[in-house]
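Per-entry structural report
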Amino acid sequence: MNINTSSSKGRTGGQVLVDALRINGVRTVYCVPGESFLPVLDALYLVRDDIDLITCRQEGGATHMAEAQGKITGEPGICFVTRGPGSTNASIAVHTARQDSTPLILFVGQVERGVLGREAWQELDYRQMFGSIAKWVDQVDSADRLPEMISRAFSVATSGRPGPVVLALPEDMLFELSTVKDAQKYQSSQSAPTQESLAQMQDLISKAQKPLLILGGGGWNAQATLDIAQFSEAFGLPVACVFRRQDLINNQHSNYVGEIGLGMNPKLHEQIDESDLLIVVGARMGETSTNAYTLLDIPNPKQTFIHIHSDANELGHVYQPTLGINSGLATFAAAAKKLNAPAISSDKKERIVKARQHYLDFIKPLETIGPINLGEIVSYLNKTIPEDSYIANGAGNYTLWVQRFFQYKKFKTQLAPASGTMGYGLPAAIAAKIEHPERLSICFAGDGCFLMNGQELATAVQYQANVIIIVVNNGMYGSIRMHQERHYPGNVWGSSLSNPNFIDLAKAYGAHAELVEKTADFPAAFERAENAGRPALIELQTSDEILTPRLTVSDLRRA
Ligand SMILES: Cc1ncc(C[n+]2csc(CCOP(=O)(O)OP(=O)(O)O)c2C)c(N)n1
Ligand SMILES: [Mg+2]
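Residues numbered from 1 in each chain as written. Chains lettered and ligands numbered in written order. Predicted model: local features only at pLDDT ≥ 70, side-chain atom pairs only at ≥ 80, totals over all residues. Heavy atoms only, no water.

**Some points on the site of ligand 1**
If you check the shell around ligand 1, you find 18 residues, and the closest are Asn397, Asp447, Cys449, Gly478 and Ser479. The contact in question runs from an oxygen atom of ligand 1 to an N or O atom on the side chain of Asp447, over 2.6 Å. The backbone of Gly478 places a nitrogen or oxygen atom 2.7 Å from an oxygen atom of ligand 1. Only helix 16 (447–453) and helix 18 (478–487) provide two or more residues apiece to the shell around ligand 1. Sorting elements by how many residues they give to the shell around ligand 1 places helix 16 first, with 4 residues. Grouping the amino acids of the shell around ligand 1 by side-chain chemistry returns 8 nonpolar, 9 polar and 1 charged. (Near = heavy atom within 4 Å. Polar contact = N/O pair within 3.5 Å; in protein donor to acceptor, adjacent residues only side chain to side chain. Helix = DSSP H or I, 4+ residues; strand = E, 2+ residues; numbered from the N terminus. Nonpolar A, V, L, I, M, F, W, Y, C, P; charged D, E, K, R; others polar.)

**What to know about the sheet that holds strand 6 (residues 136–139)**
The parallel open sheet is built from 6 strands, whose spatial order is 3-2-4-5-7-6. Unpaired on one side and paired on the other, strand 3 (52–55) and strand 6 mark the two borders of the sheet. Along the sheet, successive strands turn relative to each other by an average axial angle of 20°, direction set aside. Note that strand 4 (residues 77–81) and strand 5 (residues 104–110) share 5 bridges and pair parallel. The partner of Cys79 across the bridge, within strand 5, is Leu106. Across the face of the sheet, helix 1 (residues 13–23) comes into contact with strand 2 (28–31), strand 4, strand 5 and strand 7 (164–170) while running at roughly 160° to strand 4. (Pairing = 2+ DSSP bridges. Axes fitted to C-alpha atoms, helices over the stretch in contact; angles between N-to-C directions. Contact = heavy atoms within 4.5 Å.)

**Observations concerning the coordination of the magnesium ion (ligand 2)**
Donor atoms from the polypeptide that bind the magnesium ion (ligand 2) are Asp447 (OD), Asn474 (OD1) and Met476 (O), placed at 2.0 to 2.2 Å. All donors of the magnesium ion (ligand 2) come from a single chain, and their spacing in sequence reads D-x26-N-x1-M. You can see Asp447 sitting in helix 16 and its partner Asn474 sitting in the loop between strand 18 (468–473) and helix 18, a full 27 residues away along the chain. Exposure remark for Asp447: the relative accessible area of 2% places this residue in the buried category. (Donors = N, O, S within 2.8 Å, 3.2 Å for Na, K, Ca; no water. Buried < 20%, exposed > 50% of the residue type's maximum accessible area, 1.4 Å probe, protein only.)

**A short note on the packing of helix 1 against helix 6 (residues 146–158)**
It is the contact of helix 1 with helix 6, at a shortest axis distance of 9 Å, that shows an interaxial angle of 35°. The way helix 1 lies across helix 6 gives a crossing that is right-handed. Residues Gly13, Val16, Leu17, Ala20 and Leu21 of helix 1 pack against Leu146, Pro147, Ile150 and Phe154 of helix 6. The residue makeup of the contact of helix 1 with helix 6, split by class, is 8 nonpolar, 1 polar and no charged. (Left-handed = near helix turned anticlockwise from the far one by under 90°.)

**Some points on a nonpolar patch on the surface**
The grouping of Met452, Tyr477 and Ile480 at the surface amounts to a nonpolar patch, some 270 Å² of accessible area in total. By the element assignment, Met452 lies in helix 16. For Met452, a relative accessible area of 42% puts it in the partly exposed group. (Patch = residues over 30% accessible without salt bridge, like charges linked within 9 Å, V, L, I, M, F, W, Y side chains within 5 Å. Areas by Shrake-Rupley, 256 points an atom, 1.4 Å probe, with all protein chains shown as cover. Salt bridge = Lys/Arg side-chain N within 4 Å of Asp/Glu carboxyl O.)

**What to know about the pairing of strand 9 (residues 211–215)**
Extensive coverage of strand 9 is indicated by the burial of 5 of its 5 residues. Burial along strand 9 is two-sided: the face carrying Pro211, Leu213 and Leu215 and the face carrying Leu212 and Ile214 are both buried. Bridge analysis of strand 9 against strand 12 (residues 277–281) gives 5 bridges, and the strand direction is parallel. Bridging across to strand 12, Leu212 finds its partner in Leu278. Strand direction decides the pairing type here: strand 9 and strand 10 (residues 239–242), joined by 3 bridges, are parallel. Paired with Ile214 across the two strands is Ala240, which belongs to strand 10. With respect to chirality, the unit in which strand 9 leads through helix 9 (residues 222–235) into the neighbouring parallel strand 10 is right-handed. (Right-handed = clockwise from strand over helix to strand, strands pointing away.)

Now the structure itself:
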């Protein structure tokens, strides 16, 4: 297994590290190279048949690709970046991994041990820098400790509430020879619900007339989402998903009643208000999923509140649960599925049917201004693309159409940052295509969002990651314009964009590209993009009068 067992002096730190990655099942590594970790690059060269190395154009792009891979697989995504500026660029995705509860291991170069603390060239104290965003950050000061610390990195990133780990690698440590033995493959651990807490939950459900099951958070797997759907059927629970977690249940499931996020269906809001029991599984009920902390009373929701979370520290963090259950989501869902369910009253059944109808009404495209109807385009994709297609996006008002009019049908097909980071969609779509080349991978991006990581189109072309990018170009940072018009009507300042020609730009990267000028032309253009044999970009030009599916600039100014 070892790269270099023949030398009696042992392996370099770089080789020990890469062997540890192989033992832990890593098949893809993302990076922007730096001279600070050359022994790792060389060790990766020696195992190039086992581990693919994807070299990106900016560390924000590279680390977001690794984060998206972690989201998709549930195993830590792996990224290497150089010290100082490489690490500061990468920090955006460490934040994403934290807010999204994604397993990620970021390896960062570090100056030689002999000069540490002098503010040497590109030196940073990573323990301080990442202290508040990473789940664990440390520096490996001896090659002998690499197996131990890398194994711990995998365990920490995946156990309990998943999250990002940052490990700094002093340059000379990576050249150091070591005879240390490899560690075994890592173990991830999750707590499980007690029988007593499950019985209490059953009791609370049996007393409720208007229950609602709310799903969210990280740490799910495909089986767990099927188990929880079965639990909802057995107990007659309508199911809602929180912001950016719409793929935790097939949106075509008859119990699914919609998304609790920005731009929530007012009817769903009413339903939550009227509920007498909320069972929140995995979600933190953060700001984006509570209408900025107004949806539920703090600290005591008026509804009976059952909160299941993989991190005990989340229980009672903001909301005092009637019943708090510290459990991994897969272990909880498996146990919940097996519980004996009572007969479901006709009232409860009717409530689900009604709420489901409100949801179906809400996802019908609306009339709009101009020749491009984004709602209809998203709705068209919803009806036509394979169920396992990936839909990625970043942040901006264009995402409101995607989250409202698209129905996610399979677990982890939604690659969207709960952290609200712009520029996420393209790297995420590329990582998805690299992980599953046989599946469609579509990136929605605003004109602002696209240019935050547009350079990764070069990565997509280089590695034949044939993603389809749909750029929604409204000539502005539309989301900010909306907030601006709300607070300072008419004072448009700092939110307008004068853009490059996206078609020429994409073609210069070697991608297929076309402008779609009216809704009816989209299907044919999309088919050409699918068959282009290379990454493709479709530009949609939309009116800067449109702010959300329901709101225009004129509406806001009149208000
Ligand atoms: C990295 C990052 N920088 C800034 C913001 C603040 N921000 C949120 S949405 C937005 C505008 C997005 O513009 P665009 O992608 O064109 O989408 P639109 O709102 O116009 O549809 C900005 C600047 C952010 N969320 N993330
Ligand atoms: Mg825009």
